[in-house]
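# Remarks on the overall topology
Each chain is listed here by its residues.
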Amino acid sequence: MAKKQELLERWSIGDSANVYGIKDWGAGYFDLSNRGEVVVRADFPAGPVEISLMDIISGINDRGMAMPVLLRIENLLDGQISRLNTSFRKAIKTLDYQGTYQGVFPIKVNQQAQVIEEVTRFGARFNHGLEAGSKAELIIALSMIQSTQSLVVCNGYKDEEFIELGLQAVKMGYKCFFVIETPAELPIILRRSKDLGIRPLIGIRLKLSSRAGGHWQDSGGDNSIFGLTTNQMVDVLDTLKAQDMLDCLQLLHYHLGSQIPNIRDIRAAVRETARFYADLVTEGAKMGYIDLGGGLAVDYDGSQTNFIHSKNYSLDEYTTDVIEVLVEIFNDKNIPHPTIITESGRATVAYSSILLFNVLDVNRYEPGTIPSALPENSPELLENLWYVKQNMTLKNVQECYNDAIYYREEIREQFKHGNISLRQRAFADNLFMDIIHRIAASLEKLKRIPPELEGLDEVLYDIYYGNFSVFQSLPDAWAIEQIFPLMPIHRLREQPSRRAILADITCDSDGKIDRFADLHDVRKALPLHDLKAEEEYYLGVFLVGAYQETLGDLHNLLGDTNVVSVRINENGSFDFVREIEGDAIWDVLSYVEYEPKSLVERFRAKAEQAVRDGKITVTDRRNILAAFEASIRGYTYYEK
Ligand SMILES: *Cc1c(COP(=O)(O)O)cnc(C)c1O
């Protein structure tokens, strides 16, 4: 009987899966193994292959690479490009749409050479193209794209050089579209194309009146900074008509903003755009392409809701809804069905990158450290606080809480005036924490929790120090309070006994994560395991492939992390296809215009002076310089 009870109560990997929601946000790519480790899953015709992240970490360690590491799994990028294209094809077939789908990947979402190389390689079989928002990105697009059948869509502000490069690409056979974002661009396009004798492929960016909820809602709507108003569109039409160039106008584009959580907003925007498209055709423009921009969201918290970090639709619902609306409007007006373009960035790359780091230390209040009596000659305020603790019962927790707060404040005040010593204040702080812990522990026994005491348990959270920088690796977690799924990647057969927030190794008070994914709300603490003396504890931040890498900055001069790229093979093995060493201290110093060489020289001169002054020996000098040089060539993160 006892045994059975124990079995029933044992923590299972199913419990861990629930606690961390991995099946909700994992999109089928992430799961738990029977060993209690996070596995990444790649699909193959013969069935899925699962690889444990701990096995990958052990490969990383064997290669002498230090944490933190940004891990890229190329199969997941392949998987997402494949899912997107397959889903559109399926919806097109089911709903009898007469056009095709041809996506483009917006380079700005992850410009890293290796990522764009993979996007173009995996995208080739679908003629998946690239979207460029600047000259630099156009240069990437023209060089990296594998087939001229794939589209290159140029958005953003374009100068003469940009336009000339795009026109030459058209001459070479690229399908390179200029999307007009502001009226000023058209005259330059017309002039340069006449000079060069090349007929441009022109698109128009629409300023929709439809708006979407979410962080980027200002990208769409009447107030968006990009796109043409209806009057400006009419001007473009008239200009092109007058120059006998209506055949060059082939594309209509909008971008509602990124991470659109609500499918209703997506439908509304498609509907409005399709109406514009139909009238452009009626006006005599050649058309042929409708570009629905980005916005396809990622369900970061797994809640499947219209919360900003989630989405209330599946990929299949997205593609079906898009096609449904287009069919309805185009069939009604007898408009030939155009090629559909989307510029999905976030949804394409988010899954393929994981930030892995180790935990360096834990900061927590250890209960039971209060002596059994007050030190002699304690000031009255301390006696009062002591009295609060002695007299606490279930009935007066609220009162005790108020009193404890009051006395702690008074004690701190008296400390400032020099009436209370450091040791007395330390005793008081400890006593206060003890009281709060007792109150928090008693709350679960109360029928009704007094409103003031709700959230009290926040003071009880541990602080886990992670070997990473929020500013470098998860800038959106700081800048827009983006929620990323975060969890231990091993020990998941053990019940997590602590509740914690995470701090990074910058000494910035914003360098922390204290909002976590939850199905119903945002969680304020993450369940974690106690550290073991002889074992690293590894955490992973998931779905970080979109936007984070180049938005990250050098706060505290913590640089780029090491990057490891892994390919999972059909036979169950995996290869390290690429390792990119992160920044050394030498590198980050030069980014902020120091000359590392001259820093070494300056320090050497100082050491020499110290020898002359008799402060250190020549041997000391050698050791000191060796340590300095080892540091300057080392990793910017915590090394063991
Ligand atoms: C940023 C951007 C995108 C990408 O949006 P996602 O939501 O990441 O898919 C697409 N098109 C344009 C014009 C953009 O500015």
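Residues numbered from 1 in each chain as written. Predicted model: local features only at pLDDT ≥ 70, side-chain atom pairs only at ≥ 80, totals over all residues. Heavy atoms only, no water.

Of regular secondary structure, the chain possesses 22 helices and 21 strands. Projected onto the principal axes, the alpha-carbon positions of the chain cover approximately 100 × 75 × 55 Å. Looking at the chain residue by residue over its 640 residues, the buried ones come to 53%. Sequence-distant contacts, at least 24 apart, represent 75% of the contacts inside the chain between residues at least 6 apart. In the form shown here, the chain has an accessible surface area of approximately 29600 Å², with 49% of it arising from carbon and sulfur atoms. Positive and negative side-chain charges in the chain, numbering 68 and 92 respectively, have mean positions lying 2 Å apart. (Helix = DSSP H or I, 4+ residues; strand = E, 2+ residues; numbered from the N terminus. Buried < 20%, exposed > 50% of the residue type's maximum accessible area, 1.4 Å probe, protein only. Contact = heavy atoms within 4.5 Å. Areas by Shrake-Rupley, 256 points an atom, 1.4 Å probe, with all protein chains shown as cover. Lys, Arg positive; Asp, Glu negative; His and termini not counted. Charge placed at Lys NZ, Arg CZ, Asp CG, Glu CD.)

A few words on the UniProt feature "domain: Arginine decarboxylase helical bundle" (unreviewed entry) in the chain. Feature annotation in UniProt places "domain: Arginine decarboxylase helical bundle" (unreviewed entry) on residues 376-456, given in this structure's numbering. End-to-end, the C-alpha atoms of residues 376-456 are 31 Å apart, and along that stretch the chain is 65% helix and 0% strand. (UniProt positions renumbered as here; feature names shortened; annotations may be inferred.)

Bringing the site of the ligand into the picture now. The environment of the ligand is formed by 16 residues, the closest being Lys-108, Ser-258, Glu-343, Gly-345 and Tyr-547. A distance of 2.6 Å separates a nitrogen atom of the ligand from a polar side-chain atom of Glu-343. Here Tyr-547 contributes a side-chain N or O atom positioned 2.6 Å from an oxygen atom of the ligand. In isolation the ligand exposes 390 Å². Once the protein is present, 92% of that is buried. (Near = heavy atom within 4 Å. Polar contact = N/O pair within 3.5 Å; in protein donor to acceptor, adjacent residues only side chain to side chain.)

Before going further, it helps to spend a moment on the domain arrangement of the chain. Its domain assignment divides the chain into domain 1 (13-62), domain 2 (74-351), domain 3 (380-458) and domain 4 (586-633). Here the C-alpha centroids of domain 1 and domain 4 sit 46 Å apart. (Domains from an automatic or database assignment.)

Moving on: the pairing of strand β4 (residues 69-73). Among the 5 residues in β4, 5 count as buried, and that is most of the element. A two-sided burial pattern is seen for β4, the buried positions comprising Val-69, Leu-71 and Ile-73 on one face and Leu-70 and Arg-72 on the other. Two elements, β4 and strand β13 (residues 353-363), share 4 bridges in a ladder whose sense is antiparallel. Paired with Leu-70 across the strands is Leu-355, a residue of β13. Pairing of β4 with strand β20 (residues 562-568) involves 5 bridges; the strand directions are parallel. Across the sheet, Ile-73 pairs through a bridge with Val-566, a residue of β20. (Pairing = 2+ DSSP bridges.)

This part is about the sheet that holds strand β3 (residues 49-52). Here we have 3 strands laid out as an open sheet, ordered β1-β2-β3, and antiparallel in their pairing. Edge strands, defined here as strands with exactly one partner in the open sheet, are β1 (30-32) and β3. This sheet shows a mean twist of 40° between the axes of neighbouring strands, independent of strand direction. In this sheet, strand β2 (residues 38-42) lies alongside β1 in antiparallel orientation, the contact comprising 3 bridges. Bridging across to β2, Asp-31 finds its partner in Val-39. (Axes fitted to C-alpha atoms, helices over the stretch in contact; angles between N-to-C directions.)

A few words on the pattern of salt bridges. Pairing between side chains becomes possible if they bear opposite charge and their charged atoms approach one another. Scanning the entire structure with this criterion turns up 42 salt bridges. Among the salt bridges present, the one from Glu-549 reaches Arg-72, with a minimum N-O distance of 2.7 Å. Taken together, the residues span a long stretch of sequence, with Glu-549 in helix α19 (residues 548-551) and Arg-72 in strand β4 at a distance of 477 residues. Judged by its relative accessible area of 18%, Glu-549 falls in the buried class. The closest approach of N and O atoms between Glu-494 and Arg-491, which form a salt bridge, is 3.0 Å. The class of Glu-494 is partly exposed, set by a relative accessible area of 28%. (Salt bridge = Lys/Arg side-chain N within 4 Å of Asp/Glu carboxyl O.)

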